[in-house]
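Structural characterization, general
What follows is the residue order along each chain.
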Amino acid sequence: MEKPLKIGVLALQGAFIEHLKIFSHLGVSAVEIRLPKQLDGLDGLVIPGGESTTIGKLAVMYNFMEPLIEFAAVNPVWGTCAGMIFMAKKVDLAQPLLGLMNITVRRNAFGRQVDSFQVNLNVSVLNDGETKPFPAVFIRAPEIVEVEKDAVVIAELSDGTVVAAQEGKWLVTAFHPELTDDYRFHCYFLSLPGGA
Ligand code: GLN
């Protein structure tokens, strides 16, 4: 029998509990990660939504930057919202970044009037993605303004705004799949092959 998966959710700040609940619902062991040494033995890591400047500053303070980059070199990593910003190569504001994904991100892209909204997205990489739209919840969300090199678009709004991308085993979503009862993004993340 294959060894069961163990997923970490970075728990420095933000919406980590919701991700943990979904993984446990899916029968996958998932743990809060608060120190770099806890990355050992994980099969994948989620970086949650929250406030990306805060997550970045805490990651620097707790000496997470190098260990996270090394972990991501061989393991799947998924950033939601602030987590996506933290994983990007380029962001419109100055802040600590892991600089993994070849994307350029613009923070708080949807303005004050539409701080939060929900839309149905067609995401063809998901199970039944062609026929069953994914309910995407956006909260003070960033947008992806450029996708380069090996990064590919996996979801966009009807006006063409890019809101999810993948680069090999790295996944980013500008929205919050952990705030819905549709677990297909979590299942998709679990299906990404690790390299270890
Ligand atoms: N606006 C936040 C930021 O720029 C992200 C919001 C979120 O994660 N829901 O970091």
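Residues numbered from 1 in each chain as written. Predicted model: local features only at pLDDT ≥ 70, side-chain atom pairs only at ≥ 80, totals over all residues. Heavy atoms only, no water.

1. Regarding the environment of Asn 122
Structurally, Asn 122 can be placed in the loop between strand E7 (116–121) and strand E8 (134–139). For Asn 122, a relative accessible area of 56% puts it in the exposed group. Between the alpha carbons of Asn 122 and Arg 34 there is a distance of 34 Å; along the sequence they are 88 residues apart. Setting aside its immediate chain neighbours within four residues, Asn 122 contacts Gly 129, Pro 133 and Ile 154. (Helix = DSSP H or I, 4+ residues; strand = E, 2+ residues; numbered from the N terminus. Buried < 20%, exposed > 50% of the residue type's maximum accessible area, 1.4 Å probe, protein only. Contact = heavy atoms within 4.5 Å.)

2. Overview of the site of the ligand
Surrounding the ligand, one finds Gly 49, Gly 50, Glu 51, Ser 52, Cys 81, Ala 82, Ile 85, Arg 107, Asn 108, Ile 139, Arg 140 and His 176. Here Gly 50 contributes a backbone N or O atom positioned 2.9 Å from an oxygen atom of the ligand. Note that an oxygen atom of the ligand is positioned 2.7 Å from one of the backbone N or O atoms of Ser 52. Burial of the ligand by the protein chains amounts to 93% of its free accessible area of 300 Å². Along the lines of polarity and charge, the residues of the shell around the ligand split into four nonpolar, five polar and three charged. (Near = heavy atom within 4 Å. Polar contact = N/O pair within 3.5 Å; in protein donor to acceptor, adjacent residues only side chain to side chain. Areas by Shrake-Rupley, 256 points an atom, 1.4 Å probe, with all protein chains shown as cover. Nonpolar A, V, L, I, M, F, W, Y, C, P; charged D, E, K, R; others polar.)

3. With respect to the nonpolar core
Here is a general trend for soluble globular proteins: nonpolar side chains tend to be buried in one another's company. Of all hydrophobic cores here, the largest spans 65 residues; its most connected members are Leu 45, Met 87, Ile 103, Phe 138, Val 163, Phe 175 and Phe 185. It is helix H4 (residues 82–87) that provides the largest number of residues to this core, a total of five residues. Non-local contacts of Met 87, meaning those with residues more than four positions away in its chain, are made with Ile 47, Val 77, Trp 78, Gly 79, Leu 98, Gly 99, Leu 100, Met 101, Trp 170, Leu 171 and Val 172. (Core = buried A, V, L, I, M, F, W, Y, C linked by side-chain atoms within 4.5 Å.)

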